[in-house]
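# Overview (structure and organization)
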Amino acid sequence: MKEEAPKSQKEQKLADPMAASVDAATREMIVRAQELGVETIFDRAEKMKPCNIGSQGTCCKNCGMGPCRLPLPKSGIEGEDDRKGLCGASANTIAARNFIRMIAGGAAAHSDHGRCVAEVFLTAARKESEAYKVKDEQKLLSIAPYFNVATTVEADGKTLDRDVDEIALEVAEKAINEWGKPDGALLYTKRAPEALYEKWEKQGVLPRNIDREIVEIMHRTHIGVDQDYKNLMKQGTRAAIADGWGGSMLATDLQDVLFGTPYPIQSEANLGVLKEDHVNLVIHGHEPVLSEMIVAVVQTPEIQEYVKASGAKGLQLSGICCTANEILQRHGVPLCGTFLQQELAIITGACDAMVVDIQCIMQNIANVAKCFHTKLITTHPIAKMEQENVIHIEFDEHYAIEDAKRIVKIAVDNFANRKSEVMIPRHKNTQIAGFGVESIEYHLGGTFRGSYYTLNDNIINGRIRGIAGVVGCNNARTRHNEGHIAVVKELIKNDVIVLTTGCNGIACAMEGLLTPETAGVYCGPGLAEVCETVGIPPVLHLGSCVDNSRILLAAAEVVKAGGLGKDISDLPAAGSAPEWMSEKAISIGHYFVASGVYTVFGVTLPVTGAPVFQKYLFEEFEKMYGGMWDLEPDPVLHARKMIAHIDKKRKALGIDKTRERVLIDMADRRTMSG
Ligand code: SF4
Ligand code: MSK
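Residues numbered from 1 in each chain as written. Chains lettered and ligands numbered in written order. Predicted model: local features only at pLDDT ≥ 70, side-chain atom pairs only at ≥ 80, totals over all residues. Heavy atoms only, no water.

## Digging into the pattern of salt bridges
Oppositely charged side chains can pair when the atoms bearing their charge come close. One pass over the structure, following the stated rule, counts 44 salt bridges. One salt bridge in this structure joins Arg115 and Asp112, with 2.8 Å as the shortest N-O distance. Separated by three residues within a single helix, Arg115 and Asp112 lie in helix 5 (residues 91–125), roughly one turn from each other. Residue classification places Arg115 among the partly exposed residues on the basis of a relative accessible area of 25%. Between Glu438 and Lys139 there is a salt bridge, and its shortest N-O distance comes to 2.8 Å. (Salt bridge = Lys/Arg side-chain N within 4 Å of Asp/Glu carboxyl O. Helix = DSSP H or I, 4+ residues; strand = E, 2+ residues; numbered from the N terminus. Buried < 20%, exposed > 50% of the residue type's maximum accessible area, 1.4 Å probe, protein only.)

What follows is the structure in structure tokens.
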């Protein structure tokens, strides 16, 4: 019988590791997975291609008469666009409905995370839990005024400090109220610059309460309700603001109060942080309520003895996605990888347990875990998996320590059960993470003319050309981390300081861009000089997806410090999500835009099938809010568009000339030293 030649990678429709990722560890693990016959998302992306109409945003399945699919004619739209669904919904209506449903999904995810944290905070304030306490009183006192909670009392003609427990309880109750209060507007919107608040008021988009804005999107997008793309986007804008300046900001602040405000901390990143001779417990998801407890219990003598008895040399905690960013920024727990590396962490054969909470958890990790000894533990009542090998331990904040110990012990007990050969890629990089509004103020602040004075001064004198927020996911439809790294490198090369969160932060950490030494290698001369003088990296990691609220507040502080206009939209600043994929990214993108930021997305955007609607987002939004959307899949062009916008803003502020002078100064200095 004639022996069949082995099928090539292409014939088997397997991913080409070189084409799939720019990261060496990821490539090694894709090869390893293919050797072991374990399918990953990289292979599935080869086997299944996306639907064109869906990715253009013009497929509607909002009722049982659909899906109604409105492809964009190859020749484009000439004359009137008469495409419509069965009910008559136009391409604009369908794309706008889909777009704001994505905002609703994203805002709901962030805000429900925030609600959970607020509930735990209330438990702590009521002293119903031993595990959770107010850790950062300063932060509590700094946010109390936004809830109209007094921090002092008048007695006998004297001003006295109010009891912290009383303040915590009042803040907790008022914070929870933000999700469902019957009247008024979200309290945190007042933290925006006055000019921005006035724009929101004028446009009628001040969020009333968080839940209501999300529910109203679901109502308006039901068949036969709102059929005007502009009116639909008005509600999308209101819900996105409720996310950025509401649910996400509350999540960040209350987490800081409970677990501590992050300050710069050194750690490592990439799959190489796993250790063969250690118990490896990988934490994945978004809510730090459980992971904080795990970090606490692994340090107890009881667990350390337990680990010793298992024969392991120790216990290595590491993280994936934003739970990882949370415990990185507060405890220095290393990052194991980005969204696209979750299956690969298990394929190392060294992951004794992976514990997940909510969001960005691929169901396929349960199938991958079946091929190894890894215990996969779900912990959240709203996030379970159907596969029978998944263990569900429902986390209850009232028994937080007990639950966390149980989970850690499962990982330790499983160390002895490793069955396949362990293969951990050696690649990892050092990083400094844990930046925030407070630490930027500390590192770049001055003592006069406002706390962000030094930062503003360096922007005005042109050493720093502008500020970019680069955030968001990985997307298996594009080369893993290529866009993240290329966009960030192009920005810092052109003296734009980068604030990062989410998987972009992890990608930058893996690439070694989060160290002060990076400045001398990749930055333009102005930014390099600033970073070297104050000892910060040119890319500042501000945390998880909800921590994009830190970027909004940092921008508000820059406005407040003066000299750069009256609103966020006046700043030489831009936003980016080079490899976005989640609905949360759309919500983030839109609250950036509604806050006045020019925001560029990579890969694709589900609006291209409705050109009029696209133009509304890409051009007309600027007239209302000062910010607008853009799409640019090519990473270098993507960054250059951001830089062009930054330069446009510098010119409008009249600071474009100062920048030219600085460059001449630098060149002169080089000649002098040469
Ligand atoms: Fe089709 Fe209209 Fe139903 Fe959408 S709502 S599926 S466009 S009939
Ligand atoms: S984890 S939302 S893949 S950034 Fe926040 Fe990464 Fe995007 Fe999830």
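So much for the structure itself; the text now carries on.
## Description of the domain arrangement of the protein chain
Here the domain parsing of the protein chain yields domain 1 (91–258), domain 2 (271–417) and domain 3 (429–653). Computed over C-alpha atoms only, the centres of domain 1 and domain 2 are separated by 30 Å. Taken together, the contacts link 16 residues of domain 1 with 17 residues of domain 2. Taking both partners together, domain 1 and domain 2 bury about 1,200 Å²; carbon and sulfur atoms supply 56% of that area. On inspection of domain 1 and its partner domain 2, the count reaches one salt bridge. For the pair domain 1 and domain 2, the number of links is five residue pairs in polar contact (both at pLDDT 80 or more). Looking at the side of domain 1 that touches domain 2, the elements that each hand over two or more residues are helix 5 and helix 10 (229–259). If you tally residues by element for the side of domain 1 that touches domain 2, the top one is helix 5, at eight residues. Taken together, the residues of the side of domain 1 that touches domain 2 break down into six nonpolar, six polar and four charged. (Domains from an automatic or database assignment. Contact = heavy atoms within 4.5 Å. Buried area = accessible area lost by both parts, 1.4 Å probe. Polar contact = N/O pair within 3.5 Å; in protein donor to acceptor, adjacent residues only side chain to side chain. Nonpolar A, V, L, I, M, F, W, Y, C, P; charged D, E, K, R; others polar.)

## Regarding the site of ligand 2
Inspection of the region around ligand 2 gives 13 residues, with His286, Cys360, Cys473, Cys503 and Cys545 positioned closest. Within the residue set of the shell around ligand 2, elements represented by two or more residues are helix 13 (321–331) and helix 20 (502–510). The residue inventory of the shell around ligand 2, partitioned by class, reads eight nonpolar, four polar and one charged. In terms of domain composition, the shell around ligand 2 takes at least three residues from each of domain 2 (271–417) and domain 3 (429–653). (Near = heavy atom within 4 Å.)

## Looking at the sheet that holds strand 16 (residues 573–577)
With respect to topology, six strands assemble into an open sheet ordered 15-14-13-16-17-18, the strand pairing being parallel. Bordering the open sheet on either side are strand 15 (539–541) and strand 18 (629–631), each of which pairs with just one other strand. Between one strand and the next, the sheet's axes are offset by a mean angle of 25°, whatever the strand orientation. With four bridges joining them, strand 16 and strand 17 (residues 598–601) adopt parallel strand pairing. Its bridge partner lying in strand 17, Gly575 is registered against Thr599. (Pairing = 2+ DSSP bridges. Axes fitted to C-alpha atoms, helices over the stretch in contact; angles between N-to-C directions.)

## Some thoughts on helix 2 (residues 24–36)
Given a rise of 1.5 Å per residue, 13 residues ought to cover 18 Å, and the 19 Å separating the end C-alpha atoms of helix 2 matches this to within 8%. Regarding helix 2, the residues found buried are Ala25, Thr26, Arg27, Met29, Ile30, Arg32, Ala33 and Gln34. In this structure, the buried side of helix 2 is in contact with helix 1 (17–20), helix 3 (41–47) and helix 14 (342–347). Gly37 sits one or two residues past helix 2 and shows a positive phi near 75°. (Expected span 1.5 Å × (residues − 1).)

## Focus on the side chain of Asn270
As for its position among the elements, Asn270 is in the loop between strand 5 (265–269) and strand 6 (279–285). Of the residues examined, Asn270 reaches a relative accessible area of 2% and is grouped as buried.

## Some remarks on the layout of surface pockets
Summary: where empty space remains is shown by rolling a probe the size of a single water molecule over the atoms. By volume, the largest pocket is sized at about 910 Å³. In terms of lining residues, the largest pocket is bounded by 27 residues, among which Pro50, Ser55, Asn475, Arg477 and Met581 are the most central. For the lining of the largest pocket, the elements supplying multiple residues, two or more each, are helix 3, helix 4 (52–56) and helix 5. For the lining of the largest pocket, the per-class residue count stands at 14 nonpolar, nine polar and four charged. In terms of domain composition, the lining of the largest pocket takes at least three residues from each of domain 1 (91–258) and domain 3 (429–653). A volume near 350 Å³ is recorded for the second largest pocket. Taken together, 16 residues form the lining of the second largest pocket, with Ser142, Arg191, Val437, Glu438 and Glu557 sitting closest to its centre. Taken together, the elements giving at least two residues each to the lining of the second largest pocket come down to helix 6 (137–143), helix 17 (437–444) and helix 23 (548–561). When its residues are assigned to classes, the lining of the second largest pocket shows five nonpolar, three polar and eight charged. Looking at which domains feed residues into the lining of the second largest pocket, each of domain 1 (91–258) and domain 3 (429–653) gives three or more. (1 Å grid on protein atoms, 1.4 Å probe; cavity = no way out; pocket = protein on both sides within 12 Å on 5 of 7 lines; lining within 4 Å. Points joined across faces, edges and corners; volume = space filled by probe spheres on them.)

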